[in-house]
Structures are given as C-alpha cells and as structure tokens.
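Architecture and fold: a report
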Amino acid sequence: MAHTDLHDLLRTLRVWAPEVTRLPPFVPQTAPPTPLPLFTSWFAEAVEAGQPEPHTMSLATTDAEGNPDVRIVMLHGADADGWSFATHATSRKGRALAAHPYAALAFYWPVLGRQVRVRGPVTSAPAKESQADLRARSTGALAAALTGRQSEDLPSLDDLREASATAWERARQNPTEPSPTWTLYRLRPETVEFFQGDPERRHVRLEYRRTEFGWTRTLLWP
C-alpha cells in the first residue's frame, strides 16, 4: 500500500511551479570568461530571490574501496583558490577525501530553476587556517566540532546529549578552543557547469573546462 501511495503522491508533484519559480533567460554568449564571477552572480541572485539556504550543497566523494557517497554540506567560500567547505578529517567524508582527494559539488536553487555543478581535486588547508575558519563560525558550530566523533557509531541519544552539553559549555567558556581534526578543504575546479531551466524544456547548460591555457566554455545538450 505504501508503495502505491508513494507513486500516487509523486504524480501530484510539479517541478518549477510558476507560483514559486521564475525561470530567467540565460544567454551563454554573455557569460564571463571564467566561472567564479558567474557563480558569484548566480549565488547573489538566488539569495535575492529568497532561495532557502542557498549556501548548502551536495558533496560527492569516493572512499578507499571505490564506493561513492553524497551528503549536504555548507559552502564556506569560493575564490581563486577554489570552493571551500569544512569537516573533521576523521569523519567519513574526511577519510574518503584522504583516500581519493577528488570530489564533486552540486548546488540547486529551484526558485530560479538553476543548478551549478563543480568537480575537481581537493586539498586541505593548513591547520592554522582551518582553526580560523572554525573560530569564525557560531558557538553552536564550535560546540558541534568539539563534540567530535563524527560518523562513529552512537550508542544512544543520551550519550549525544551528554557529550554535546559538555562541548557547549567548553565552547561558551573558550570561544577560541581548537578542534584539532577540524579541516578546511578546497576543491579546485576542473569543470563547472551552469544549468538554467527553461519552461519549454530547452534547458541551457554551459560548462567551463580548465585547460593549461585557461578556461574554455562549451554548451551541453540538456
């Protein structure tokens, strides 16, 4: 019964309903020669359009056994050095990045029918820079980092509450306390794709590709 209910529910849903989504035109010939300015512009437009949590993104990695994994993380920045995010080096994604330092990111901003996909090698920032990234975040973020044990098996929610309460107290008393495993990662893009949805399904896809001579731009079939 649940199987039938799920499919019935799926048939009631709509993508890019006009009452919540605006599909702006995208003229790729006017796009800048490098991807970062376009990403910055699209990100600002997503914020202005009221996209909830536009700074969240999917992060895909591959572990030591070659198994893929994906999760939602927060963008910490994007500049000439790459797109950055942070996690514990001892976490599942941290271990995967140690084994295969290559990843993919995906942003989805449905209020504008837009996606941005980024792929490339990943490097970790020096410890001093990683700790500065952590100090720039909220008390709750520091408490979560100090709780540690990310991705380890959890015996019970009581254990989590106890460890979290202790970490919150430490974070309040010492807002600069380091979390040694907290690591800032940077993905240096080799490809960046910008996808703009179209009401007639003539979606526009523009992919930037890094070469030894700089960036090239190529249109992709939708």
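Just above sits the structure.
This report concerns the structure included in the present document.

About the cut-offs
- Residues numbered from 1 in each chain as written.
- Predicted model: local features only at pLDDT ≥ 70, side-chain atom pairs only at ≥ 80, totals over all residues.
- Heavy atoms only, no water.
- Core = buried A, V, L, I, M, F, W, Y, C linked by side-chain atoms within 4.5 Å.
- Buried < 20%, exposed > 50% of the residue type's maximum accessible area, 1.4 Å probe, protein only.
- Helix = DSSP H or I, 4+ residues; strand = E, 2+ residues; numbered from the N terminus.
- Contact = heavy atoms within 4.5 Å.
- Salt bridge = Lys/Arg side-chain N within 4 Å of Asp/Glu carboxyl O.

1. Concerning the nonpolar core
When a protein is soluble and globular, its nonpolar side chains tend to lie buried together. Phe39, Trp83, Phe85, Phe107, Val116 and Phe194 are the most contacted members of the largest nonpolar core, which totals 26 residues. Contributions of two or more residues to this core are made by α2 (35-48), β1 (56-62), β4 (82-88), β5 (102-109), β6 (114-124), β7 (182-187), β8 (191-196) and β9 (204-211). The residues touching phenylalanine 39, leaving out its near neighbours within four places in the chain, are Leu75, Ala78, Trp83, Phe107, Trp109, Val116 and Phe194.

2. Focus on the pattern of salt bridges
Under the counting rule described, the total for this entry stands at nine salt bridges. The partner of arginine 71 in a salt bridge is aspartate 69, with the nearest N and O atoms 3.6 Å apart. By relative accessible area, which is 16% here, arginine 71 ends up buried. Given a relative accessible area of 30%, aspartate 69 falls into the partly exposed group. A salt bridge links arginine 117 to glutamate 193; its shortest N-O distance comes to 2.8 Å. Of this pair, arginine 117 sits in strand β6 while glutamate 193 sits in strand β8, and the two are 76 residues apart along the sequence. By relative accessible area, arginine 117 is classed as partly exposed at 39%.

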